[in-house]
Amino acid sequence: MRPRPLPPNVLRHFYAGGARIAALRGLELDSDHMPEEWIGAVSTMFGSDRGLSRLEDGTLVRDAVLADPEAYLGAEHVARYGADTALLVKLLDAGQRLPTHFHPGRPFARAALGSRYGKTEAWLIVEAEPGAAVWAGFKRTVELDEVREWMRAQDSAAMLAAMHELPVSPGDAVFVPAGTPHAIGEGLLIAELQEPTDLSVLLEWDGFELSPDDGHLGLGWDRALQALDVRAVDAPCPAPDLPADADPYFRADRLSGGAPLDAGFAILIGLAGSGKLATEGGELAVGRGSAVLIPHGAGAGELRGDVTAILCCPPAPGAGEGAW
């Protein structure tokens, strides 16, 4: 097994963006509504068959993993998660502020949607325009009737004012547990790690290619809003590293030349410079704009040269269930 380059997999979506992904990956896009690239994805958009990634020979990553799960994922991972990467990695380019929304956690997703995963996520800030910000978590406890009124009036200002506003810069990481209300501001390129689902409850739709019925996952609003965390929380603190609470969901490291890599399934995104990824299974040139799938069977390795990158990994097999 050797590291495998991943061809572009940029998706059209309901919000504007895509230029920053195109610049990073060296692409030309035919729409200003292609704001997400799903990298190494084995899951699809909610209610759709879109999203699956391919290897350079055209094979779906999902099918390659299913054909030889231990070679791609390792025996311990397969014993815990089966032939499932347990991870979704995206590049997200916010060409406009995203709507206020939240994601169900695992208990709700199991009970209401038959999914083993919720959608806890994290944002690793790659690029940020001056003054760029995100919003996450309510500053005060709110009532669902108040949320419903914001939704009825499409009162964006009230929704944003109720949440913590967090200025962010390149190098910041923000952990967003499932249930947390949040919005991503305009002018950001983000590497997003998340559980491998597309479960979003959208509280805003005005100004987007959305209708009220697009937002509740087919559950109806009474049921869907039960997954919202309405409690007051402390302001999340953007930091260089993800907290330990993220470990049951995913792991990430920012790497530069000389960094060693343990054997294990991972997705590597090159941010700057050039060099190579050398593993026991083979070498691959990497640099700014590279997207690489590293199978467990490639063995241990090293990132060489002046390249900088983000290494995205699934939860460790020994990690607990997590709080969300």
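Residues numbered from 1 in each chain as written. Predicted model: local features only at pLDDT ≥ 70, side-chain atom pairs only at ≥ 80, totals over all residues. Heavy atoms only, no water.

A. Spotlight on the overall build of the chain. On a plain count of helices and strands, the chain comes out with eight helices and 20 strands. For 324 residues, the compact-globule estimate of 2.2 N^0.38 gives 20 Å, and the chain sits close to it at 19 Å. Here the C-alpha coordinates of the chain stretch approximately 55 × 40 × 35 Å along the principal axes. Each of the 324 residues in the chain was classed as buried or not, and the buried ones make up 57%. Considering only contacts in the chain between residues 6 or more positions apart, those separated by 24 or more positions represent 77%. By element, 49% of the accessible surface of the chain is carried by carbon and sulfur atoms, the whole surface being about 12,800 Å². Separation of charge centres in the chain, based on 26 positive and 46 negative side chains, amounts to 2 Å. (Helix = DSSP H or I, 4+ residues; strand = E, 2+ residues; numbered from the N terminus. Rg over C-alpha atoms; globule rule 2.2 N^0.38 Å. Buried < 20%, exposed > 50% of the residue type's maximum accessible area, 1.4 Å probe, protein only. Contact = heavy atoms within 4.5 Å. Areas by Shrake-Rupley, 256 points an atom, 1.4 Å probe, with all protein chains shown as cover. Lys, Arg positive; Asp, Glu negative; His and termini not counted. Charge placed at Lys NZ, Arg CZ, Asp CG, Glu CD.)

B. Quick peek at the side chain of Lys-119. Note that Lys-119 resides in the loop between helix H5 (106-113) and strand E6 (121-128). Residue class for Lys-119 comes out buried when judged on its relative accessible area of 3%. Polar side-chain contacts of Lys-119 include one of 2.8 Å to the side chain of Glu-121. Apart from the residues within four sequence positions on either side, Lys-119 is in contact with Lys-90, His-103, Pro-104, Ala-178, Glu-192, Gln-194, Glu-195, Thr-197, Asp-198, Leu-199 and Ser-200. (Polar contact = N/O pair within 3.5 Å; in protein donor to acceptor, adjacent residues only side chain to side chain.)

C. Focus on helix H6 (residues 144-153). Here H6 has its buried residues at Val-147, Trp-150 and Met-151. All buried residues of H6 lie within an arc of 95° about the axis, which places them on one face of the element. Residues of H6 that are exposed and point more than 90 degrees away from the buried face comprise Asp-145 and Arg-152. Lining the buried residues of H6 we find strand E7 (133-138), helix H7 (156-162) and helix H8 (221-224). In the segment just after H6, Gln-154 is the residue with positive phi, at about 50°. (Arc of directions from axis to C-beta.)

D. A look at the side chain of Asp-93. Tracing the chain through its elements places Asp-93 in strand E4 (residues 88-94). Judged by its relative accessible area of 1%, Asp-93 falls in the buried class.

E. The sheet that holds strand E19 (residues 301-305), seen in detail. Taken in spatial order, the four strands line up as E14-E19-E16-E17 in an open sheet, and their pairing is antiparallel. If you trace the sheet from one side to the other, it starts and ends with strand E14 (260-261) and strand E17 (282-287), each paired once. In this structure, strand E16 (residues 274-279) lies alongside E19, joined through five bridges in antiparallel fashion. If you follow Thr-279 over to E19, its bridge partner there is Gly-301. (Pairing = 2+ DSSP bridges.)

F. Quick peek at unusual backbone geometry. Here Gln-154, not a glycine, exhibits a phi torsion of approximately 50°, which is positive. Of note, Gln-154 is situated in the loop between H6 and H7. On the basis of relative accessibility, which here comes to 11%, the residue Gln-154 falls in the buried class. Here the phi dihedral of Leu-217 falls at roughly 60°; this positive angle occurs in a residue that is not glycine.

G. Just the sheet that holds E6, in detail. Strand order in this open sheet of six strands is E2-E3-E4-E11-E6-E9, and the pairing throughout is antiparallel. Edge positions in the sheet fall to strand E2 (10-11) and strand E9 (173-176), since each of these pairs with one other strand and no more.

H. Broad picture of the packing of aromatic side chains. According to the stated counting rule, one finds eight aromatic pairs in the structure shown. Aromatic pair Phe-14 and Tyr-15: ring centres 5.3 Å apart, planes at 65°, arrangement edge-to-face. Comparing Phe-14 with Tyr-15 shows no difference in burial state: the two are buried. Aromatic side chains Phe-14 and Phe-208 sit 6.2 Å apart centroid to centroid with 85° between the ring planes, which places their arrangement in the edge-to-face category. A residue pair is termed long-range when its members are at least 10 positions apart, and Phe-14 in the loop between E2 and helix H1 (19-25) and Phe-208 in the loop between strand E12 (201-202) and H8 qualify at 194 residues. Each member of the pair, Phe-14 together with Phe-208, is buried. (Phe/Tyr/Trp six-rings, centres within 6.5 Å; stacked < 30°, edge-to-face > 60°.)

I. Representation of the environment of Glu-186. When you line up the elements, Glu-186 lands in the loop between strand E10 (182-184) and strand E11 (188-194). The spacing of Glu-186 and Gly-17 is 169 residues in sequence and 9.1 Å in space, taken between C-alpha atoms. Once residues within four sequence positions are removed from consideration, Glu-186 is found in contact with Ala-94, Gly-95, Gln-96, Arg-97 and Ala-132.

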